[in-house]
Amino acid sequence: MTLERFSQILASYGCDPARWPASEQQAASAFLASNSGAKDLWDEQAALDKHLDTFQVVDDTNLIHRILIQPLPAQPVSFVDRTIAWLLPSSDQLRSMFWRPTLAACLPLLFGLYLGNHFSFGIESYDNFESTTSFWEQELALLSLDDYAETTL
């Protein structure tokens, strides 16, 4: 038995030899009786054990309930979340019944405008500037949703 191992036993199991590991009880007791350093460690640990025994745990049955019902701290809201909340009002607001279907109806239009600006469907070449310009004028006229039935007759 070494002084280091004896101090580990005291720190782990306390001063009561009945709590010490059974395989080391006899060696630790013999070391305590023969070594003065071990006696000093045992006195320090006995004082600590006595001091720890004076503390009582408060029996608070409502502690778990109080912990579970406390409100969580406010979490920071990101820019994307604030933007989405601004665009899509919460479901308890009356205006959201009209706003959300309108936004859903505009999404295909925005998607079509995006595709029309980035792809050239039906335009074979940009070499001829006049045909390209007339094509876009025709496309913009169709996008205006004007009534052309009377002007073409």
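As the structure is a computational prediction, the values presented were derived from the model and not from experiment.

Because the α-helix completes a turn every 3.6 residues, residues three or four places apart line up on one side. Turning to helix α2 (residues 25–34), its buried residues number three or more, namely A28, F31 and L32. Seen from one end, α2 has its buried residues packed into an arc of 100 degrees, which puts them on one side. Facing away from the buried side of α2 by more than 90 degrees, the exposed set consists of Q26, A33 and S34.

Once that is clear, we can look at the environment of C15. Positionally, C15 belongs in the loop between α1 (3–13) and α2. A relative accessible area of 8% places C15 in the buried class. For the pair C15 and A46, spaced 31 residues apart in sequence, the C-alpha separation works out to 5.8 Å. If sequence neighbours within four positions are ignored, C15 has contacts with L10, W20, W42, Q45, A46 and D49.

On to the packing of aromatic side chains, then. One pass over the full model with this rule turns up two aromatic pairs. Aromatic pair F6 and W20: ring centres 5.9 Å apart, planes at 80 degrees, arrangement edge-to-face. Here F6, found in helix α1, pairs with W20, found in the loop between α1 and α2; they are 14 residues apart in sequence, far enough to count as distant. Its relative accessible area of 0% is what places F6 among the buried residues. With a centroid separation of 5.6 Å and an interplanar angle of 55 degrees, the aromatic rings of F6 and F31 are classed as tilted. With F6 in helix α1 and F31 in helix α2, this residue pair connects regions lying 25 residues apart in the sequence. Each member of the pair F6 and F31 is classed as buried. Ring-pair connections join several aromatic residues into one group, and the members of that group are F6, W20 and F31.

On to the packing of α2 against helix α3 (residues 36–53). In contact at an axis separation of 6 Å, α2 and α3 are set at 105 degrees when each is read in the N-to-C sense. By the angle class used here, α2 and α3 are roughly perpendicular. Together, F31, L32, A33 and S34 of α2 and S36, A38, K39 and W42 of α3 make up the contact between the two elements. Tallied by class, the residues present in the contact of α2 with α3 amount to five nonpolar, two polar and one charged.

About the criteria used
- Residues numbered from 1 in each chain as written.
- Predicted model: local features only at pLDDT ≥ 70, side-chain atom pairs only at ≥ 80, totals over all residues.
- Heavy atoms only, no water.
- Buried < 20%, exposed > 50% of the residue type's maximum accessible area, 1.4 Å probe, protein only.
- Helix = DSSP H or I, 4+ residues; strand = E, 2+ residues; numbered from the N terminus.
- Arc of directions from axis to C-beta.
- Contact = heavy atoms within 4.5 Å.
- Phe/Tyr/Trp six-rings, centres within 6.5 Å; stacked < 30°, edge-to-face > 60°.
- Axes fitted to C-alpha atoms, helices over the stretch in contact; angles between N-to-C directions.
- Parallel < 35°, antiparallel > 145°, perpendicular 65-115°, else oblique.
- Nonpolar A, V, L, I, M, F, W, Y, C, P; charged D, E, K, R; others polar.

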